[in-house]
Amino acid sequence: MTPLNTLTAPLFTLLLCFAAPLFAQVQDFATDDERNTMQVFNFASPSVVYVTNETLVRDRRTLRLHAVPKGAGSGFIWDQDGHVVTNFHVIEGARKVTITLQDRSEWPAKLVGSAPEKDLAVLQIEAPRALLKPLVAGTSGNLSVGRKVLAIGNPFGLDTTLTTGVVSALGREIEATNNRTIRNVIQTDAAINPGNSGGPLLDSLGRLIGVNTAIYSPSGASVGIGFAIPVDTVKKIVPELIKHGRLVRPVLGIESAPDQWNNRYGFEGVAILRTAPGMPAEKAGLRGIHRTRQGGWQLGDVIVEMERQPIRSYDDLLNALEKHRAGDEVTLGVMRDGIIRYTAITLAAPR
């Protein structure tokens, strides 16, 4: 009689021969979405950098200054000239900024320009061009709620971490560090934690569609509400920061009253304190506060509209001006003596 193990051994070997390729296929299997996620990560992660900054602190006992870590965040390669884009709040107040590339090499960075009102900053490193892989900039103008997005960054110092999600909402508003309003922000449920700030938000083709900037969280960690500055804004601002070091907007040539006047005197808009000689506002006949015959002060013109868009505060006015360039002619709605008058005014370059 043939022993049982003599019969089962060839059978087990035969099954193993069929099962091994099948097991390998299962191991290699990925859905189309998973494969896309891996492709985007492999394509874009070499462009993402780790940003660390240091500040000076005085020792209370010796009174000596010491450099200590102040914070960290993410960024990404903008071009092969070594420009790196990140959030302004990541490098704010830094004495020294260091960029760590994916190959773990560290490079000292210099600040090229910043726009606190948009929470954007441009740094530059002198790394070999072979190590610099710029991201491909997409567009945010055709985004829709539900579109897949991917965020790459360095949350809690954990380098090159990937999270995925969707566009949760469009047209959000958040507050920058200088209390300016950043408008048309992208909201996403892709997990964004401390350290993700300044990193890229990507679409399923690996294109840059936003810069991760903030989260809404009572605990300080991600709760599924993150925000990113849209790439269409980034593409407009970054070249200005590289060229001028700051955001350049056209001017009206006015000195405005504080927004607190709105509540005090019960109006909405931007009250003009005075106009600058030879500037557009003066040429257009706008007037600031002025003395009455009785010796008191009377409110002058109040800007309430620009290009038929309501202006309720100085922040509204700045956001409206950022849409134009010096030399553009715009129509202002100006309230004088309780009546709104419309006047054309040609914007000027800042002096």
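Preceding block: the structure.
Values in this document were obtained by computation on a predicted structure and should not be read as measured data.

Student: Help me understand the packing of aromatic side chains in this model?
Tutor: The relation between two aromatic rings is expressed through the spacing of the ring centres and the mutual angle of the planes. In this structure the tally under the stated criterion is zero aromatic pairs. The ring of Phe43 carries the charged tip of Lys133 above its face, separated from the ring centre by 4.2 Å. Above the ring of Tyr342, the side-chain terminus of Arg308 is found at 4.1 Å from the ring centroid.

Student: Explain the side chain of Asp203 here, please?
Tutor: The residue Asp203 is located in the loop between strand E10 (200-202) and strand E11 (208-215) in this model. Taking the relative accessible area as the measure of exposure, Asp203 reaches 5% and is therefore buried. Only 3.0 Å separates the side chain of Asp203 from the backbone nitrogen of Leu205, close enough to count as a polar contact. Polar contacts involving the side chain of Asp203 include one to the side chain of Arg207, which spans 2.8 Å. Setting aside anything within four residues of it in sequence, one finds Asp203 in contact with Val40, Lys148, Leu150 and Ile209.

Student: Help me understand helix H4 (residues 231-244) in this model?
Tutor: Structurally, the α-helix is built with 3.6 residues per turn, so residues lying three or four positions apart point the same way. The terminal C-alpha atoms of H4 lie 20 Å apart, and with 14 residues this matches the ideal 20 Å at 1.5 Å per residue to within 8%. Residues of H4 that are buried include every one of Val231, Thr233, Val234, Ile237, Val238, Glu240 and Leu241, and no others.

Student: Even after reading the chapter, I still don't get unusual backbone geometry, so can you show me in this structure?
Tutor: In this model, Asn184 sits at a positive phi of 60°, which is unusual for a non-glycine residue. When its relative accessible area of 53% is taken as the criterion, Asn184 is described as exposed. Of note, the phi angle at Asp337 is positive, near 55°, even though the residue is not glycine. Structurally, Asp337 can be placed in the loop between strand E19 (329-336) and strand E20 (339-346). Of the residues examined, Asp337 reaches a relative accessible area of 55% and is grouped as exposed.

Student: I keep staring at the nonpolar core and nothing clicks. Help me out?
Tutor: Where a protein is soluble and globular, its nonpolar side chains tend to be buried together. Residues Phe76, Trp78, Val85, Leu120 and Val234 are the most contacted members of the largest nonpolar core, which totals 22 residues. Only helix H2 (32-44), strand E6 (120-124), strand E7 (148-153), E11 and H4 provide two or more residues apiece to this core. Per-element tally for this core: the top contributor is H4, with five residues. Leaving out residues up to four positions away in the same chain, Val85 has contacts with Gly75, Phe76, Trp78, Leu120, Ala121, Val122, Gly198 and Val238.

Student: What is the right way to look at the environment of Gly210 in this model?
Tutor: Structurally, the position occupied by Gly210 is in strand E11. Measuring from C-alpha to C-alpha, the distance between Gly210 and Ser140 comes to 7.5 Å, with 70 residues separating the pair along the chain. Filtering out sequence-adjacent residues up to four positions away, Gly210 remains in contact with Gly199, Pro200, Leu201, Ala228, Ile229, Pro230 and Val231.

Student: Teacher, can you tell me more about the pairing of strand E8 (residues 161-175) here?
Tutor: Each regular strand carries side chains that alternate between the two faces of the sheet. Pairing between E7 and E8: six bridges, direction antiparallel. Its bridge partner being in E8, Ala151 is matched across the sheet by Thr163. Looking at chain direction, E8 and strand E9 (residues 181-188) are connected through five bridges and run antiparallel. Bridge pairing in E9 places Ala169 opposite Gln187. If you look at the hairpin formed by E8 and E9, you'll find five residues sitting between the two strands, and Asn179 has a positive phi there, around 70°.

Student: Just to check I follow, could you spell out the pattern of salt bridges for this structure?
Tutor: Pairing between side chains of opposite charge can happen when the charged atoms of each approach one another. Within the structure shown, the criterion is met by 16 salt bridges. The partner of Arg180 in a salt bridge is Glu322, with the nearest N and O atoms 3.4 Å apart. On the criterion of sequence distance, the pair formed by Arg180 in the loop between E8 and E9 and Glu322 in the loop between helix H7 (314-321) and E19 is long-range, its members being 142 residues apart. Side by side, Arg180 and Glu322 carry an identical accessibility label, which is buried. Here the residues in one salt-bridge network are Glu117, Lys118, Arg180, Arg249, Asp315 and Glu322, joined through shared partners.

Definitions and cut-offs
- Residues numbered from 1 in each chain as written.
- Predicted model: local features only at pLDDT ≥ 70, side-chain atom pairs only at ≥ 80, totals over all residues.
- Heavy atoms only, no water.
- Phe/Tyr/Trp six-rings, centres within 6.5 Å; stacked < 30°, edge-to-face > 60°.
- Lys NZ or Arg CZ within 6 Å of the ring centre and 35° of its normal.
- Helix = DSSP H or I, 4+ residues; strand = E, 2+ residues; numbered from the N terminus.
- Buried < 20%, exposed > 50% of the residue type's maximum accessible area, 1.4 Å probe, protein only.
- Polar contact = N/O pair within 3.5 Å; in protein donor to acceptor, adjacent residues only side chain to side chain.
- Contact = heavy atoms within 4.5 Å.
- Expected span 1.5 Å × (residues − 1).
- Core = buried A, V, L, I, M, F, W, Y, C linked by side-chain atoms within 4.5 Å.
- Pairing = 2+ DSSP bridges.
- Salt bridge = Lys/Arg side-chain N within 4 Å of Asp/Glu carboxyl O.

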